[in-house]
Amino acid sequence: MAKIKSIHARKILDSRANWTVEVEVNGVSGASPAGASTGTHEVPTVPADIACDFINNKMKKAFLNHEMNQKEIDRKLKFLTGKIGSNGAIATSFAVYNFLWDERQFNRSVFPYPLGNVFGGGAHGGSCYMQEVLLCPKKAKTFPDAVQKMTDAYHELKKELKDMGLSLGMNDEGALTANIGFMELMDILKPIADHNGCAIGLDIAASEMYRHNKYYYRQKEQFLNRDEQIDFVDHLIKKYNLFYVEDPMNEDDFDGFSKIHSKNKKTLVTGDDLTTTNTQRIQRALGKINAMIVKPNQIGTVTQAFDAISLCKKSHIIPVMSHRSGETTDATIARMALDFECPIIKCGIADMRTAKINELLRLWDKTDKPKMKKI
Ligand code: PEP
Ligand code: MG
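Residues numbered from 1 in each chain as written. Chains lettered and ligands numbered in written order. Predicted model: local features only at pLDDT ≥ 70, side-chain atom pairs only at ≥ 80, totals over all residues. Heavy atoms only, no water.

Quick word on the coordination of the magnesium ion (ligand 2)
Part 1 of the argument: At 2.0 to 2.2 Å from the magnesium ion (ligand 2) lie its protein donor atoms, namely Asp 203 (OD), Glu 246 (OE) and Asp 272 (OD).
Part 2 of the argument: Mapped onto the sequence, the donors of the magnesium ion (ligand 2) take the spacing D-x42-E-x25-D. Separated by 26 residues along the polypeptide, Glu 246 in strand S13 (residues 244-246) and Asp 272 in the loop between strand S14 (268-271) and helix H7 (279-285) bring together distant segments of the chain.
Part 3 of the argument: In this structure Asp 272 comes out as buried when scored by relative accessible area, which is 2%. (Donors = N, O, S within 2.8 Å, 3.2 Å for Na, K, Ca; no water. Helix = DSSP H or I, 4+ residues; strand = E, 2+ residues; numbered from the N terminus. Buried < 20%, exposed > 50% of the residue type's maximum accessible area, 1.4 Å probe, protein only.)

Thoughts on the sheet that holds strand S10 (residues 210-211)
Part 1 of the argument: In space, the three strands of this open sheet follow the order S10-S11-S12, with antiparallel pairing throughout. Looking at which strands have only one partner, the edges of the open sheet turn out to be S10 and strand S12 (222-224).
Part 2 of the argument: Strand direction decides the pairing type here: S10 and strand S11 (residues 214-217), joined by two bridges, are antiparallel. Looking at S11, one finds that Arg 211 is bridged to Lys 214.
Part 3 of the argument: Taken strand by strand, helix H5 (residues 226-240) contacts S11 and S12, and its axis lies near 100° from that of S12. (Pairing = 2+ DSSP bridges. Contact = heavy atoms within 4.5 Å. Axes fitted to C-alpha atoms, helices over the stretch in contact; angles between N-to-C directions.)

Some remarks on the sheet that holds strand S3 (residues 28-31)
Part 1 of the argument: Spatial strand order, S1-S2-S3: three strands in an open sheet with antiparallel pairing. Two strands lie at the open edges of the sheet, namely strand S1 (7-13) and S3, each paired on one side alone. Neighbour to neighbour, the strand axes of the sheet diverge by 25° on average, direction disregarded.
Part 2 of the argument: Relative to S3, strand S2 (residues 19-25) runs antiparallel, the two sharing four bridges. Within S3, the residue paired with Val 23 across the bridge is Gly 30.
Part 3 of the argument: Its contacts with the sheet put helix H1 (residues 48-63) on S1 and S2, and the angle it makes with S1 is roughly 170°.
Part 4 of the argument: Across the sheet, helix H2 (residues 70-103) lies against S1, S2 and S3, angled at about 145° from S3, the strand it touches most.

Notes on helix H9 (residues 302-314)
Part 1 of the argument: Over its 13 residues, H9 runs 18 Å from end to end, which matches the ideal 18 Å to within 8%, given 1.5 Å per residue.
Part 2 of the argument: Among all positions of H9, only Val 302, Thr 303, Gln 304, Ala 305, Ala 308, Ile 309, Leu 311 and Cys 312 are buried.
Part 3 of the argument: Here the buried face of H9 lies against H2, H7, strand S15 (291-294), helix H8 (296-299), strand S16 (318-322) and helix H10 (332-339).
Part 4 of the argument: At the exit of H9 stands His 316, carrying a positive phi of roughly 55°. (Expected span 1.5 Å × (residues − 1).)

So, the side chain of Ser 109
Part 1 of the argument: Along the chain, the position of Ser 109 falls in the loop between H2 and strand S4 (110-111).
Part 2 of the argument: We classify Ser 109 as buried; its relative accessible area is 18%.
Part 3 of the argument: Once residues within four sequence positions are removed from consideration, Ser 109 is found in contact with Thr 367, Asp 368, Lys 369, Pro 370 and Lys 371.

Quick notes on the domain arrangement of the protein
Part 1 of the argument: Domain annotation of the protein identifies domain 1 (7-103) and domain 2 (110-372).
Part 2 of the argument: Placing a centre on the C-alpha atoms of domain 1 and another on those of domain 2 gives a separation of 26 Å.
Part 3 of the argument: The interface is formed by 35 residues belonging to domain 1 together with 34 residues belonging to domain 2.
Part 4 of the argument: The contact between domain 1 and domain 2 buries some 2,800 Å² in all, and 54% of this surface belongs to carbon and sulfur atoms.
Part 5 of the argument: Sorting the residues of domain 1 by area buried against domain 2 places Ser 37, His 41 and Tyr 97 first, and these three jointly supply 22% of that buried surface.
Part 6 of the argument: For the interface between domain 1 and domain 2, the tally reads two salt bridges. (Domains from an automatic or database assignment. Buried area = accessible area lost by both parts, 1.4 Å probe. Salt bridge = Lys/Arg side-chain N within 4 Å of Asp/Glu carboxyl O.)

Observations regarding the site of ligand 1
Part 1 of the argument: If you check the shell around ligand 1, you find 15 residues, and the closest are Ala 36, Ser 37, His 124, Arg 324 and Ser 325.
Part 2 of the argument: Separating an oxygen atom of ligand 1 from a backbone N or O atom of Ala 36 is a distance of 2.6 Å.
Part 3 of the argument: Here Glu 246 contributes a side-chain N or O atom positioned 3.0 Å from an oxygen atom of ligand 1.
Part 4 of the argument: Classifying every residue of the shell around ligand 1 by side-chain character gives one nonpolar, six polar and eight charged.
Part 5 of the argument: Here the shell around ligand 1 spans two domains, and each of domain 1 (7-103) and domain 2 (110-372) adds at least three residues to it. (Near = heavy atom within 4 Å. Polar contact = N/O pair within 3.5 Å; in protein donor to acceptor, adjacent residues only side chain to side chain. Nonpolar A, V, L, I, M, F, W, Y, C, P; charged D, E, K, R; others polar.)

Considerations on the packing of aromatic side chains
Part 1 of the argument: Per the counting criterion, the structure on display carries 11 aromatic pairs.
Part 2 of the argument: Their ring planes at 50° and their centres at 4.8 Å tell us that Tyr 210 and Tyr 215 sit as a pair that is tilted.
Part 3 of the argument: On the basis of relative accessibility, which here comes to 28%, the residue Tyr 210 falls in the partly exposed class.
Part 4 of the argument: Summarising the aromatic geometry, the rings of Phe 306 and Phe 340 are spaced 4.7 Å apart at their centres and angled 50° between planes, so their arrangement reads as tilted. Separated by 34 residues along the polypeptide, Phe 306 in helix H9 and Phe 340 in the loop between H10 and strand S17 (344-346) bring together distant segments of the chain.
Part 5 of the argument: On the accessibility criterion, Phe 306 (36% relative accessible area) is partly exposed.
Part 6 of the argument: Connected via pairs of aromatic rings, a cluster forms that spans Tyr 97, Trp 101, Phe 306 and Phe 340.
Part 7 of the argument: Positioned above the aromatic ring of Phe 63, the side-chain terminus of Lys 76 is 5.5 Å from the ring centre. (Phe/Tyr/Trp six-rings, centres within 6.5 Å; stacked < 30°, edge-to-face > 60°. Lys NZ or Arg CZ within 6 Å of the ring centre and 35° of its normal.)

Details of the nonpolar core
Part 1 of the argument: Ranked by size, the top nonpolar core spans 95 residues in total, and within it Phe 119 and Val 133 carry the most contacts.
Part 2 of the argument: A per-element tally of this core places helix H3 (residues 143-163) first, with eight residues.
Part 3 of the argument: Taken domain by domain, this core gets at least three of its residues from each of domain 1 (7-103) and domain 2 (110-372).
Part 4 of the argument: Dropping the residues within four chain positions of it, Phe 119 is found in contact with Cys 128, Gln 131, Glu 132, Val 133, Leu 161, Ala 175, Leu 176, Thr 177, Ala 178, Ile 180 and Leu 185.
Part 5 of the argument: In this structure, Ile 7, Val 28, Ala 51 and Leu 77 belong to the second largest nonpolar core, which totals 25 residues. (Core = buried A, V, L, I, M, F, W, Y, C linked by side-chain atoms within 4.5 Å.)

Written out as structure tokens, the structure is:
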């Protein structure tokens, strides 16, 4: 087995022009993304220069000549997250994963469906209260066709909003923004999604709008209590035939998620801030959700993310691999989604989000008889 011969950390910029950590292990790199609507239960980060300093001046000595074994290295990283943060840990863990990826004979052939953020707001920028309006090209038979359908819908929506005279923007996740009401936007998007073979999903990111036990809808200047929030989400699911709803309730309201799930068995009621890629929180969510976001940097290492995915699969919860709102061109999660057979990857549509999509297009092109995972 190969050994760690060199390890070096440096600061690089993420897509929001904030410093993040990049680590090179034997010349192969990994970089940490960063969230804006982070869950309270995520493993904390530390400032990038502190993480880099610790990795280069303290951690390095203990890791040199260590066998390139992902589980063993991740076990050590897990105990160092207090010093290097989830950001230093995931950058190192990604670098090791990418080194091993280059070494091994890769034989996975079942590809995830992309889930792309077409219109956004909330903590990612834009006037809309809804954080993410998502498209999943469920009718596609191949990954390139899935990308085609999703981008066709994106361009059509963009044109329609422009033709209405709206001035368009792009937010942190490369999603479109415009001064339009959420329901009006949904009424315009629904037929576009339908004729492009896409299903619609939402990331409500409800913890971000939770104030004094109520949900604040800033475009409407309206507060909803818990029951009204459940009814509103239920109404949206039925009106727009939503196939996916992420974080519809505050991050500690497991029973609220359960209420929405029990009324809407065909919709993927998905935990993100609720579960934070943490197996203890997934245990609490069993039977209450049927899908879960996997953000490796929420928990700190590739191995812990893999453990979360394994628990999901045993528990009939669909693991959805996901980017963060602050990203780099690092495409490790695209590889992981394929490697760990996640049926869906949420990684955006436009802007630097294409790094993950393009990695999957490359892999599709290089794979013998690739197929799509059933969802
Ligand atoms: C999300 O909430 O799903 C998301 C990608 O946002 P962030 O990275 O800001 O947590
Ligand atoms: Mg989310």
